[in-house]
Amino acid sequence: MNGDLERLPRTVQALDAGIGEGLHLGAQLYVSRDGEVVADGAVGDDQAGVPLTRDHLMLWLSSTKPVGAVEFAQHGKEGITLRHLLTHTAGIRMLDVGWPRDSWEQILARICAMKPEPRWVPGEKAGYHTASSWFVLGEVVRRVDGRPFDRYVREAIFGPLDMRDSWVGMPLERYLAYRQGRRLGTMWNSEKSPPELHNWETPERSTSVNPGGNGYGPMRELGRFYEMLSGGGAFRGRRLLRAETVAALTARQRTGMRDHTFQHVLDWGLGFIPNSARYGVDTVPYGYGHHASERAFGHSGFRSSVAFADPEYGLAVALVWNGTPDNDRHERRVRAALDAVYEDLGLAPNR
């Protein structure tokens, strides 16, 4: 065990159990309550014989999406709004956007040239958009603010939160320095036995900007992002967002709709997933376990990460596993680990 996880013995046991089952080689976890660090550490290995540490930069995948929250009215897309993009109801999900091989401009041109899915009325049908809508939102940021998305995120979000080692598309020199220092965490395909490298840590994938999928950083830094949100937009005495903005982002903007990507009913905020356990705590994807309150919100990444805030308890959690098993086994380990966090902290209500 690397770092401080001593206050969460049940959680460590759950993470270690996953290592024993071959679901992952290691995991990195950050938990805070009311701004006080409860746990910041790692278990297991990054690679065989190389311990995973609290300082490794981990790939966030779709846990990146809440960091970034346009106009492209051609081929029938004139009715699509930013709200549709943020709630995954736009109907432009099925597209190979060309990342990371193509430039930002080429990707945007491809998205703008596409047609919506047949018989999809924006706002009336839901389906998780893996990448397309987040490139459009990144372009909105660029046009409104003037800075490219990666620079905006570093200067306007990560900088004020002291997220020094967090990036959405890192400069090549920083990538090379992290690689030399062996700080870039490795991701393994644990559906295979033995696990195989995903090779998601290449220079091309790490330095090209993907607003919805290639955030990198230690979990403690992503946890600070959720501490700010749990605090209503303020972090250590400095306000980044108005409380009203946080309330709008995390409120249930889309309710009771079946998601045609996940094939399950899910609520959605503006870029965030509110706790949707009401639709089946043991079946809902991207959930927060049995003990999270109705007020919990956050986002997860493909079979590997989950980060969320639970304002009911002043809780911020960011957890990543470095193995991607099949979906059922991943969802079980998410519930086991997050249930254990609440139980370790004495926050689990009677079930």
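Above this text is the structure in question.
Worth saying up front: this structure is predicted, and the values here are computed from it rather than measured. (Residues numbered from 1 in each chain as written. Predicted model: local features only at pLDDT ≥ 70, side-chain atom pairs only at ≥ 80, totals over all residues. Heavy atoms only, no water.)

Student: Could you give an account of helix α5 (residues 149-158), with specific residues and numbers?
Tutor: For α5, every residue scored as buried is listed here: Phe149, Val153, Ile157 and Phe158. Buried residues in α5, looked at end-on, bunch into an arc of 90°, giving them a common side. Residues of α5 that are buried sit in contact with β5 (58-61), α3 (104-113), α4 (132-145), β6 (167-168) and α8 (219-230). (Buried < 20%, exposed > 50% of the residue type's maximum accessible area, 1.4 Å probe, protein only. Helix = DSSP H or I, 4+ residues; strand = E, 2+ residues; numbered from the N terminus. Arc of directions from axis to C-beta. Contact = heavy atoms within 4.5 Å.)

Student: I'd like to hear about the environment of Leu15, residue by residue, with values.
Tutor: Within the secondary structure, Leu15 is located in helix α1 (residues 9-20). For Leu15, a relative accessible area of 1% gives the class buried. Residues contacting Leu15, with those up to four places away along its chain left out, are His24, Ala27, Val43, Leu319, Trp321 and Ala337.

Student: Could you give an account of the packing of aromatic side chains, with specific residues and numbers?
Tutor: Pairs of aromatic rings are described using the distance from one ring centre to the other and the angle between the two planes. Going through the model one piece at a time under the given rule, you end up with 13 aromatic pairs. With centroids separated by 6.4 Å and ring planes inclined at 65°, the aromatic side chains of Trp200 and Phe302 adopt a geometry described as edge-to-face. Here the residue Trp200 occupies a position in the loop between β8 (196-197) and α7 (203-207), and Phe302 occupies one in the loop between β15 (297-301) and β16 (305-310), the gap between them amounting to 102 residues. When its relative accessible area of 15% is taken as the criterion, Trp200 is described as buried. For Phe302, a relative accessible area of 38% puts it in the partly exposed group. Among the aromatic residues, those joined into a ring-pair cluster are Tyr128, Phe262, Trp268 and Tyr286. Geometry around Trp134 places Lys65 over its ring, the cationic atom sitting 5.8 Å from the centre. Just above the ring of Trp167 sits the side chain of Arg154; from NZ or CZ to the centre is 3.5 Å. (Phe/Tyr/Trp six-rings, centres within 6.5 Å; stacked < 30°, edge-to-face > 60°. Lys NZ or Arg CZ within 6 Å of the ring centre and 35° of its normal.)

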